[in-house]
Amino acid sequence: MTKLTITPLKSSELGGLAQALDMAALPNSDLAEPNRMFFRFDADSLVGYGGLEGRGTDRLLRSIVILHDYRGHGLGRALVAALEQQARDLGIGRLHLLTTTAAPFFRALGYIDTDRDAAPLAVAASREFTSLCPASASYLAKAL
């Protein structure tokens, strides 16, 4: 596989991410809000996006999407690993996520099903928890 490169997105570059999320039926209405950082991932060309949300040592893993033509080639695993390294570099100790469709994928990467009532306040107060993801979404977390 070609080396995966990660590039931070500027706020003016969020349109491509929003479009990719829309095509994957994932939430995108809050991308420009504060305390979010998003990245594009390339392997010779654009293959996907992902991001981190929040402040402090507990943050949300957000908006993970691999473009349709590149799915099934291990790029999702590589993308998540790169985001986890970004998180470690920022001093983040634990990542959290909500998903309605990809829980098995994240479990295979070491994310553990967690009781939503146990979410740190900053995570539980996020729009992901309060309005963007349904209450039926799986909540998973991973210590880094």
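Parameters and conventions
Residues numbered from 1 in each chain as written. Predicted model: local features only at pLDDT ≥ 70, side-chain atom pairs only at ≥ 80, totals over all residues. Heavy atoms only, no water. Buried < 20%, exposed > 50% of the residue type's maximum accessible area, 1.4 Å probe, protein only. Helix = DSSP H or I, 4+ residues; strand = E, 2+ residues; numbered from the N terminus. Arc of directions from axis to C-beta. Contact = heavy atoms within 4.5 Å. 1 Å grid on protein atoms, 1.4 Å probe; cavity = no way out; pocket = protein on both sides within 12 Å on 5 of 7 lines; lining within 4 Å. Points joined across faces, edges and corners; volume = space filled by probe spheres on them. Nonpolar A, V, L, I, M, F, W, Y, C, P; charged D, E, K, R; others polar.

J.: Where do I start with helix H1 (residues 14–23) in this structure?
T.: Residues that lie three or four places apart on an α-helix share one face, since the helix turns once every 3.6 residues. Among the residues making up H1, those that are buried are Leu14, Leu17, Ala20 and Leu21. Buried residues of H1, viewed axially, fall in a sector of 125 degrees; they line one side. Opposite the buried face of H1, by more than 90 degrees, sit the exposed residues Gln19, Asp22 and Met23. The secondary structure elements touched by the buried residues of H1 are strand S2 (36–42), strand S3 (46–53) and strand S4 (58–66). Count one or two residues on from H1 and you reach Ala25, which has phi positive near 60 degrees.

J.: Explanation requested: the layout of surface pockets in the structure shown.
T.: The gaps of empty space that remain are located by a probe, the size of a water molecule, rolled over the atoms. Space inside the largest pocket adds up to approximately 670 Å³. Lining the largest pocket we find 30 residues, and of these Leu26, Ile64, Thr101, Ala102 and Phe106 sit closest to its centre. Mapped onto the lining of the largest pocket, the elements with two or more residues apiece are S4, helix H2 (75–89), strand S5 (94–99) and helix H3 (103–108). Broken down by class, the residue content of the lining of the largest pocket amounts to 18 nonpolar, eight polar and four charged. The space that makes up the second largest pocket amounts to roughly 190 Å³. In terms of residues, the lining of the second largest pocket owes the most to one element, S4, which gives three residues. Residue classes in the lining of the second largest pocket are distributed as four nonpolar, three polar and seven charged.

Worth remembering: the numbers are spatial, not functional.
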